Amino acid sequence: MTDATNSQHICRQCGVICVQSGSTWVHPEPWRTLKARRICERPEPLRAATRQEIKNGAMELVRRDRWIQEEQLQPLVTAEGSPIEVAVVGCYQLHPTGHEHPRGWGYLADDGHYGFGATTTQRRFDGDGELAAEARALFWALHRLLRRYRVTVVTDYPAIAEMVDAWRRGELTAAPPGYDRSDRPSGRQAKLMYLAPRVHQYADQVSVRVVGGYEDTILGRAANELSVLGWKWSAGELSKFSARERGLSVASDALGVEPTLVPRMDGSDSPDEPRTNQSRGAGSSHVRQNGSTRMSNGSSSRSRRELLINGRRVRIADLIEAGLLTVGAELTFQQRIGEAPYQATVTQRGQLRLPDGREFPTPSRAAAESAGLVAVPGWAVWRVQPGGETLHQLRAKLLKDVADEVSADEEQPDEQAEAVRRRFTVLEEARSEADAGKPRSLTVREFIKYWGLEDRDRTASAQIDADLANHGLTTAPDFRTVSLDKTIRIILQPEGDEAGTKDGGDISDPLQSSSDEESVDVGLTLGNMLPDDMSLTWVSPTASFEEAITAMQVDDFSQIAVLANPYTLHGAVSWESIAAAKHRDANATFSEAIDRRAAARVFDYDVRLLDVLETLQKNGFIFVRDDQRKISGIVTAADVVRKYDETATPFFLIGEIDQELRQLLQNTFDEETVKQACSAAGSSFKSFDSMSIGQYQAVLDNPDCWKQLGWPLDRKTFVKRLDRLRKVRNNVMHFNPDPVRPADVGRLRNFLDLIRRYSK
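Residues numbered from 1 in each chain as written. Predicted model: local features only at pLDDT ≥ 70, side-chain atom pairs only at ≥ 80, totals over all residues. Heavy atoms only, no water.

Trainee: How would you summarise the overall build of the protein if you had to cite specific residues and measurements?
Mentor: For the protein, the helix and strand inventory stands at 25 helices and 25 strands. The buried share of the protein, reckoned over its 760 residues, is 52%. Taking the intrachain contacts of the protein between residues at least 6 apart in sequence as the baseline, contacts between residues at least 24 apart amount to 65%. (Helix = DSSP H or I, 4+ residues; strand = E, 2+ residues; numbered from the N terminus. Buried < 20%, exposed > 50% of the residue type's maximum accessible area, 1.4 Å probe, protein only. Contact = heavy atoms within 4.5 Å.)

Trainee: Explain the sheet that holds strand S20 (residues 538-539) residue by residue, including any values.
Mentor: Strand order in the open sheet formed by three strands is S20-S21-S22, and the pairing between neighbours is mixed. Every other strand in the sheet has two partners, leaving S20 and strand S22 (568-574) as the edge strands with one partner each. Where strand S21 (residues 559-565) lies against S22, six bridges are found, and the strand directions are antiparallel. For Val 562, the partnering residue across the bridge sits in S22 and is Gly 571. Seen against the sheet, helix H17 (residues 545-554) touches S20, S21 and S22 and runs at an angle of roughly 125° to S21. (Pairing = 2+ DSSP bridges. Axes fitted to C-alpha atoms, helices over the stretch in contact; angles between N-to-C directions.)

Trainee: With reference to specific residues and values, describe the packing of aromatic side chains.
Mentor: Under the defined criterion, the tally for this structure stands at 18 aromatic pairs. By way of ring pairs, the aromatic residues Trp 105, Tyr 107, Phe 139, Trp 140 and Tyr 194 are connected into one cluster. One cation-aromatic arrangement involves Arg 198 over Tyr 194; the distance from NZ or CZ to the ring centre is 3.9 Å. When the ring centre of Phe 621 is taken as origin, the NZ or CZ atom of Arg 601, which lies over that ring, is 4.9 Å away. (Phe/Tyr/Trp six-rings, centres within 6.5 Å; stacked < 30°, edge-to-face > 60°. Lys NZ or Arg CZ within 6 Å of the ring centre and 35° of its normal.)

Trainee: Lay out the packing of helix H3 (residues 129-145) against helix H5 (residues 191-201) in plain terms, naming residues and giving numbers.
Mentor: Two elements in contact, H3 and H5, have axes whose closest approach is 10 Å; the angle formed by their N-to-C orientations is 45°. Judged on the interaxial angle alone, H5 and H3 are oblique. The crossing of H3 and H5 is left-handed. Listed contacts from H5 to Ala 135, Arg 136, Leu 138, Phe 139, Trp 140, Leu 142 and His 143 of H3 are Lys 191, Leu 192, Tyr 194, Leu 195 and Val 199. A breakdown of the residues in the contact of H3 with H5 according to their chemical character gives nine nonpolar, one polar and two charged. (Parallel < 35°, antiparallel > 145°, perpendicular 65-115°, else oblique. Left-handed = near helix turned anticlockwise from the far one by under 90°. Nonpolar A, V, L, I, M, F, W, Y, C, P; charged D, E, K, R; others polar.)

Trainee: Could you give an account of the packing of helix H21 (residues 671-680) against helix H22 (residues 693-700), with specific residues and numbers?
Mentor: Where H21 contacts H22, the two axes come as close as 8 Å, and the packing angle between them is 100°. Classified by the angle between their axes, H21 and H22 sit roughly perpendicular to one another. Of the residues in H22, those in contact with Val 674, Ala 677 and Cys 678 of H21 are Gln 695, Ala 698 and Val 699. Residue composition of the contact of H21 with H22, grouped by class: five nonpolar, one polar and no charged.

Trainee: Quick one: what's the story with the pairing of strand S18 (residues 473-476), residue by residue and with numbers?
Mentor: With burial as the criterion, each face of S18 is covered, one bearing Leu 473 and Thr 475 and the other bearing Thr 474 and Ala 476. Here four bridges tie S18 to strand S19 (residues 487-492), and the two strands are oriented antiparallel to one another. When the bridges of S19 are listed, Ala 476 appears paired with Arg 489.

Trainee: Residue-level account of the sheet that holds S19, with values.
Mentor: Pairing in this open sheet of three strands is antiparallel, and the strands run S17-S19-S18 from one edge to the other. In this open sheet, the two strands that pair with only one neighbour each are strand S17 (440-443) and S18. Between one strand and the next, the sheet's axes are offset by a mean angle of 35°, whatever the strand orientation.

Trainee: Please provide a residue-by-residue account of the pattern of salt bridges, values included.
Mentor: Using the criterion set out here, one finds 30 salt bridges in the structure. Of the charged contacts, one joins Glu 71 and Arg 244 as a salt bridge, the two residues approaching to 2.7 Å between their closest N and O atoms. Residue Glu 71 is located in strand S5 (residues 67-72), and its partner Arg 244 is located in helix H7 (residues 240-255); the two are separated by 173 residues in the primary sequence. We classify Glu 71 as buried; its relative accessible area is 5%. Each of the salt bridges in this network shares a partner with another, and the network as a whole consists of Arg 313, Asp 465, Asp 478 and Arg 480. (Salt bridge = Lys/Arg side-chain N within 4 Å of Asp/Glu carboxyl O.)

Trainee: Run through the environment of Lys 720, naming residues and quoting values.
Mentor: Tracing the chain through its elements places Lys 720 in helix H24 (residues 715-733). Measuring from C-alpha to C-alpha, the distance between Lys 720 and Gln 697 comes to 8.9 Å, with 23 residues separating the pair along the chain.

Trainee: If you had to explain H21 to someone new, which residues and values would you point to?
Mentor: Quick reminder: α-helices carry 3.6 residues per turn. Residues three or four places apart thus point the same way. Residues of H21 that are buried include every one of Val 674, Ala 677 and Cys 678, and no others. Along H21, the residues classed as buried sweep out an arc of 100° about the axis, all on the same side. Taken together, the buried residues of H21 touch H22 and helix H23 (703-709). The N-cap of H21, judged by a side-chain oxygen 3.2 Å from the amide nitrogen of Glu 672 a few residues on, is Asp 670. (Arc of directions from axis to C-beta. Polar contact = N/O pair within 3.5 Å; in protein donor to acceptor, adjacent residues only side chain to side chain.)

So this is what it looks like as C-alpha cells:
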C-alpha cells in the first residue's frame with residue numbers, strides 16, 4: 001500500500017480507502033481483508049483521504065441523526081396526492097451537565113405521520129437555536145411527505161415560511177442565519193441545501209401557514225411534545241423504547257385514534273439522508289456513519305442494531321435485507337414423518353404466502369394456519385429449500401452479524417456495546433444449555449440484571465421478551481407473571497406437537513400466542529401475588545381435625561388445602577367449614593368438614609388478578625397452579641388488600657406531592673413567569689391545574705425562579721431528587737407488577753415533609 005497521501009481516496013460507494021491501479025480504482029491491502037464486510041466491488045473515488053482516514057482505513061466518523069424516530073398511525077393512512085397539514089416544532093436548550101447541547105425536533109401530520117429526534121452541537125448555536133431545531137423538523141417532515149402529498153406546513157416561525165417560499169421561487173441558498181451551507185466532511189450536502197431544490201421541484205405541492213404559537217393548534221402542541229421527547233432521548237433522560245412509547249401516545253391522543261402503527265417494511269423507518277450530487281447516482285450504495293455500505297433496498301444499520309440494543313424482534317424482512325433469505329424462496333414445514341410437508345413462499349412484503357393465497361406476517365401464524373393448530377413455533381419449523389436451514393438458524397446468523405457490527409462500531413458508547421455483547425453471549429449460552437437439556441435456572445431478579453434492570457415495567461418486559469424470542473427461548477414460568485425472587489428456567493420455545501393441538505391442549509408457555517412476534521401485556525398476575533419464602537401448607541384427605549387445626553394455628557391461616565398429592569386438590573378446610581360440620585353433627589368426621597367446592601377454584605399462575613376479583617370477593621380465597629401444574633399457593637382477599645396497599649401508599653404520596661408543588665408555584669409565581677420557565681426548558685404551559693412533574697422541574701430548576709422562591713436549599717440537589725421521584729411516579733402510574741421499594745416510599749414521605757416545612 002502506497003504512503004502517498006494524495007493517492008489515497010475515500011470510496012464514494014463504501015467509505016473505505018481506495019487507490020488507483022492502472023485505469024481502475026481498487027481497495028488495497030490490508031483494508032481489503034480487514035474491512036471485507038464493508039468494501040464494495042467497484043470502488044469510485046470521492047475525495048482525497050485525510051491522514052486520520054488513511055490511518056483508520058475508512059472515512060472519518062460523521063455525527064448524524066443518531067436520535068430519530070418516524071412512524072405513521074394505521075387508522076389515518078391517506079391516499080397519495082391528498083392534502084395534509086403537518087406542524088413542525090423545534091426545541092433548543094442547554095444541557096445542564098453535558099458539553100453537547102441537543103436540538104430536539106418534532107412533527108405531526110393529520111394523516112398520522114409523525115417523527116421526532118435530536119442532533120447535538122458542542123457549542124452554543126450562533127443564532128436562534130430553536131429556529132435551527134425547527135428547520136430540522138421541517139427537513140424530516142418534508143423529506144418524508146413531500147413527493148407523496150400536497151403538504152401545508154404549520155409553523156410559528158415566519159422565518160420558516162419565508163425560507164420555504166424562497167425555495168419555491170428558486171432561491172435555493174436561503175437558510176436560517178448562521179446556518180453552514182457547505183457540504184459536510186463526509187461529502188454529504190447540508191440538509192437544507194439538499195431539501196431546497198426538491199421543494200422548488202414540487203413547489204405547487206407545498207404551502208406554509210404561520211400561527212401565533214405552536215400551542216394554537218392541536219398538531220402544534222403535539223409536535224412540541226414530540227420535540228421535547230427528542231431532546232430528552234438525546235440527553236439520556238429517556239431510552240429509545242420509552243421515547244417511542246411516549247411518542248406513540250402523544251400522536252394517537254392528539255389525533256384521537258387507536259395507537260396502531262403502520263408496519264414498517266424495507267427500512268421505511270429510516271429515510272436516506274442527503275449526499276453530494278456526485279454520489280447520488282442511480283443504484284449507488286449509501287455510506288453509513290461507520291463507513292460501511294447500507295443495504296441497497298434502503299435499510300439502515302440503526303434499525304438492524306435495534307435487534308440487540310433495544311430488543312426489536314427479527315422479522316422476515318430483516319432476513320431479506322441481510323441477504324440471508326430471498327424473495328420467492330420456498331419454505332416447508334413437516335409436522336409428522338411420512339406426511340406431506342406444508343409449503344409457503346416468501347413474498348416481497350416480507351410475509352409468507354400459503355398455496356391457497358393467504359399471506360401471514362409471521363412464521364408462527366403461517367405454520368399454525370397451515371397445520372390447523374392453536375400455536376406453532378414457526379421460526380423453528382419452517383425450513384428453506386433446498387438447503388434445509390430453519391428460519392431460526394438464519395435469524396441466529398443475523399443476530400451474530402449484528403453483534404459483531406455493534407462491537408466494531410467505534411461510535412457506539414462503550415458501556416452500551418459491552419452490555420449488548422454480554423447479553424448476546426448469555427442468551428447464546430442459555431440456548432446451548434437448553435438444547436442440551438440442561439436449562440439455566442435463576443431468579444427473576446438475577447435474570448433481568450442481564451438487561452441492567454432492578455424491576456420490570458412494560459417497556460423493559462417487552463424488550464426482554466423480544467430478545468428471548470430472537471434466540472428461540474422463553475422462560476418457565478413466564479418471567480413476567482411471577483415475583484422477582486421466584487426461580488425460573490430459560491428453555492426452548494415449544495416445538496412440534498408440544499406447541500399446540502387442535503383442541504387447544506396443554507401449551508408450555510400459556511402466554512405465547514400463535515404469533516411469536518407479539519409481546520403480551522401481562523399486568524398483575526396471580527403468580528405475582530404469591531410469596532417466595534413460603535411453600536403451600538396442606539393436609540391429606542385422611543388427616544384428623546387435630547392435624548389440620550394445628551397446621552392452621554401454627555401459621556395463623558384461616559384455611560388450608562386438602563391434597564391427595566401436589567397435583568390433585570380435593571378441596572379446603574377452614575374455620576368456617578369445621579364449625580359448620582361440627583354444628584351439623586358433633587361427631588362429624590374430618591372428611592365432612594372438607595369444602596369440596598373449593599376444588600373448582602383453581603387458576604393458573606399467569607391469570608390476571610382482575611379476572612378473579614369477583615371469585616375472591618364471593619369466596620374469600622382461591623388456589624393457584626404453577627407452570628408444572630402443581631397446586632402451589634393460596635391467594636386470599638387479604639392478600640389483594642395488601643397488594644393494593646403497596647401501590648396505593650406511594651400513589652397517594654405522589655398525589656399529595658403534586659398538590660403541594662402546584663399550590664407552591666401558584667402562590668409564588670404568576671402564569672407568565674411559569675410559562676417562560678417552561679418554554680425555556682422546551683415544555684409547554686397551559687394552566688397551573690394541568691402541570692406535570694416535568695413542568696415543576698422546569699420551573700424550580702430555573703435559577704431566577706429558584707431565587708424568587710427564596711428557599712435556603714441547594715437547587716440542583718432538590719431538582720435531582722424531584723427527578724428521581726418522577727421516575728418512581730411513572731412506575732406507580734403504569735401499575736408495574738413490582739412494588740415500589742420501601743426506600744423509595746421513604747423518599748416520597750421525606751420529600752413531602754420537606755415541601756410542607758418550607759412552604760409554611
